[in-house]
Amino acid sequence: MRFPMILAAAVTALAATTASAAPASYELRLEGHVPVICRVNLDASTASSAKPTDLGRMTEFCNSAAGYEVRLSHAQGLTNAAVYVDGEKIPLSSTGVTLISRSSTAASQSHALRLDPGADAGQVGDLSVNITAL
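So, a few notes on the structure that sits alongside this text. Along each chain, residue indices are assigned from 1 in the same order as the chain's sequence is written. In view of the model being predicted, local features appear only for residues whose pLDDT reaches at least 70, and side-chain atom pairs are presented and counted only at 80 or more, with totals across whole chains, interfaces and linings using the full set of residues. The basis for the side-chain values is all heavy atoms of the structure; hydrogens and waters are excluded.

Comments concerning the side chain of histidine 74
At step 1: Among the secondary structure elements, histidine 74 is positioned in the loop between β3 (68-73) and β4 (82-85).
At step 2: Engagement of the side chain of histidine 74 in a polar contact is seen with the side chain of threonine 98, the distance being 2.7 Å.
At step 3: It only takes one pair of heavy atoms within 4.5 Å for two residues to be counted as in contact. Beyond its immediate stretch of four places on either side in the chain, histidine 74 contacts Leu92, Ser93, Gly96, Val97, Thr98, Val124, Asp126 and Leu127. Each helix is a run of H or I in the DSSP string that is no shorter than four residues. Each strand is a run of E no shorter than two, and both are numbered from the N terminus. Residues adjacent in sequence count toward polar contacts only when both atoms are side-chain atoms; beyond that, a polar contact is any pair of N or O atoms within 3.5 Å, and within protein one must be able to donate a hydrogen and the other to accept it.

Some words on the state of the cysteines
At step 1: For the purposes of this analysis, a disulfide is any pair of cysteine sulfur atoms at a distance within 2.5 Å. Summed over the entire model, instances satisfying the criterion amount to one disulfide.
At step 2: What pairs with cysteine 38 in a disulfide is cysteine 62, and their sulfur atoms sit 1.9 Å apart. Of this pair, cysteine 38 sits in strand β1 (residues 38-43) while cysteine 62 sits in strand β2 (residues 53-62), placing them 24 residues apart in sequence.
At step 3: Here cysteine 62 falls in the buried class, since its relative accessible area comes to 1%. A 1.4 Å probe rolled over the protein chains alone gives each residue an accessible area, and that area as a share of the maximum for its type sets the label: buried under 20%, exposed over 50%, partly exposed in between.

Some remarks on the sheet that holds β1
At step 1: The pairing criterion is simple: DSSP has to find at least two bridges between the two strands. As summarised here, the arrangement of the five strands in space is β1-β2-β7-β4-β5, forming an open sheet in which the pairing is antiparallel. Among the strands making up the open sheet, the edge pair consists of β1 and β5 (88-91). Strand-to-strand twist across the sheet, computed as the mean angle between neighbouring axes with direction ignored, equals 25 degrees.
At step 2: Here six bridges tie β1 to β2, and the two strands are oriented antiparallel to one another. Bridging from a neighbouring strand, aspartate 43 pairs with arginine 57 of β2. Lines fitted to C-alpha atoms define the axes, with helix axes restricted to the stretch in contact, and inter-axis angles between N-to-C directions lie between 0 and 180 degrees.

See the structure below:
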C-alpha cells in the first residue's frame, strides 16, 4: 500500500510543477497580405477646351500605405492653362503631364475639378487622369 501512496504523491507534485511552469499570457499573431488597389474616376461627360469649364468630381482611392499620386494628361506646350482642384490653381505642365493630387498615406478623397485653357483655348486636347501607388 505504501507504493500507490508514494506514486499518488509524485503525480500530484508533478502536476503542481507543470501548472506553475505555464506562461502567464499568450500571444497570437495574425498576418495577411492585401494587394495594392488604386483607382481614380472623373465624373464628367464633356468639357470645353475653348473656355473655363467644370470637369466634375474626381474620386480617388488607393490603399497603398506609402501613398499615391494622381496626374492629369493633356496636350504639351500650353501657355497659361491651369486646372483648379477644389479651387486651388495648378498650372498645366509643358510636358503634357501635371501632378494634381498627392497623398503620403492610403486614402479615399473627392475633389472638384475645373479647367481653364488660358491663352491656348481649343488646344488642350484630350484629358485623362491616372493614379500611381508610391
